[in-house]
Amino acid sequence: MEVPRDIDAVLKRLLSSPVDVAEQSSMLAPEDEAYLSSLIAAIRAGRRAVLIVEDADERLRYMFSNASRAEAITMLGKVVEATGRRLSDGDD
């Protein structure tokens, strides 16, 4: 995986959209768009985040926001643990 050298520049590029999101065609359902907007608002408010996107060529692009690498790995561990619990409880 490639690690961006300037996380601030990556954040600025991701969070500043030159085209209004409403004007872009989206593969997301309206409720997913609303959820994504709430996540971006949380990042802008200073919450820690890990963002991972798989490109068409299967390369991963990712960033850590307001978190160190260790904090990002801890967050990913929490995601895996919570998902494992839900799966073992029968929630899909």
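Residues numbered from 1 in each chain as written. Predicted model: local features only at pLDDT ≥ 70, side-chain atom pairs only at ≥ 80, totals over all residues. Heavy atoms only, no water.

**As for the confidence of the model for the chain**
Of the residues in the chain, 87% have a pLDDT of 70 or more, and the chain-wide mean is 85. At the level of individual helices and strands, the chain shows its lowest average pLDDT in helix α1 (residues 7–15), which scores 75, and its highest in helix α3 (residues 69–88), which scores 94. (pLDDT = per-residue confidence, 0-100. Helix = DSSP H or I, 4+ residues; strand = E, 2+ residues; numbered from the N terminus.)

**Here's the deal with the pairing of strand β1 (residues 49–54)**
Bridging between β1 and strand β2 (residues 60–65) involves 6 bridges; their strand directions are antiparallel. When the sheet's bridge partners are listed, Ile52 is paired in β2 with Tyr62. Counting the residues in the hairpin turn of β1 and β2 gives 5 residues, including Glu58, whose phi is positive at 70 degrees. (Pairing = 2+ DSSP bridges.)

**Focus: unusual backbone geometry**
Phi angles above zero are rare outside glycine, and Glu58 is one such case at about 70 degrees. Relative to the elements of secondary structure, Glu58 occurs in the loop between β1 and β2. A relative accessible area of 62% means that Glu58 is categorised as exposed. Although it is not a glycine, Asn66 sits at a positive phi angle of roughly 55 degrees. (Buried < 20%, exposed > 50% of the residue type's maximum accessible area, 1.4 Å probe, protein only.)

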